Amino acid sequence: MSGNLIARSIHDLTAGAWFGGSLMGAIGLNGATAEAKDPTERTRLSSLGWKKWAPVQTAAFAAHLGAGIPLTLGNRDRLAEQHGVMRLSVYKAVVTLVGAAVTLYAGMVGRKVDMLSGEGAEGATEPAPASSQELASAQKQLKILQWTIPVFAGWVMVLGAKEGEMQRVQNVALGLKGAGAARGVMALPVLKQLAARTACRQ
């Protein structure tokens, strides 16, 4: 079996880690630490959990971007010939980078909340009535950011699924530009592989 199984698996698994980890943090970690009896422990424990997850998330980002290189090289014929593939790839890259920037900024805001955790709060992202304006502002901002991250991660995964659908032989043929390219559809090595795999399934 030819292809980029390892790179594709890493690419998908790391996107899943980004989505699942951020959603678990926003729901499970923040929700659990909000039950702490000591108000000062609510933000401290939540920040500690996010800090322990941060290195894993950073490694996942690096692996995700690294795995994208062989996938791009392996699909260079389709990127050049199939209509819409290059546009979708650029679109996905932009969404990924913006999502990474949002994740990084959330970490910066989270560190600010951690520094002010001694004030106490209702929850990880919910200020107490007596919280300072600085802490309250940071927590409200962090809450929005932490719910925005899984949106970006899920968005990347959906775009990845669309890329997979565009690799179907029928979609590749429809996407080739011009009648001349369509007549030479089977000349592309990648299309030969796709056609062979499709024939095996039928």
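Coordinates for the structure precede this section.
Here's a quick rundown of the structure. Predicted model, so just to flag it, every value in this text is computed and none were measured. (Residues numbered from 1 in each chain as written. Predicted model: local features only at pLDDT ≥ 70, side-chain atom pairs only at ≥ 80, totals over all residues. Heavy atoms only, no water.)

## Digging into the overall build of the protein chain
Rules: Secondary structure elements are taken from DSSP: a helix is a run of H or I of four residues or more, a strand is a run of E of two residues or more, and numbering for both begins at the N terminus. We call a residue buried when its accessible area falls under 20% of the maximum for its residue type, exposed when it is over 50%, and partly exposed in between, using a 1.4 Å probe and counting protein chains only. Residues are treated as being in contact if the distance between any of their heavy atoms lies within 4.5 Å. Here the accessible surface of atoms and residues is derived via Shrake-Rupley with a 1.4 Å probe, and residues count as covered only by protein chains that are part of the display.
When its secondary structure is counted, the protein chain shows eight helices and zero strands. Reading the helices (α) and strands (β) of the protein chain from amino to carboxyl end gives α-α-α-α-α-α-α-α. A burial count over the protein chain gives 37% of its 202 residues as buried. Pairs at least 24 residues apart make up 73% of the contacts formed inside the protein chain by residues separated by at least 6 positions. Accessible area of the protein chain: about 11400 Å², with a carbon and sulfur share of 66%.

## What about the packing of aromatic side chains?
Counted only if it meets this: In summary, the pairing rule links any two rings of Phe, Tyr or Trp, Trp by its six-membered ring, whose centres are within 6.5 Å, and it sorts them by plane angle into stacked for under 30 degrees, edge-to-face for over 60 and tilted for everything else.
Scanning all chains against the criterion turns up three aromatic pairs. Measuring from ring centre to ring centre gives 6.0 Å for Tyr-91 and Trp-155, while their planes differ by 80°; the resulting arrangement is edge-to-face. With Tyr-91 in helix H4 (residues 85-115) and Trp-155 in helix H5 (residues 133-165), this pair connects stretches of sequence that are 64 residues apart. In this structure Tyr-91 comes out as partly exposed when scored by relative accessible area, which is 39%. Linked through ring pairs, Tyr-91, Phe-152 and Trp-155 together constitute an aromatic cluster.

Fair warning: the whole summary comes from geometry, so function is off the table for now.
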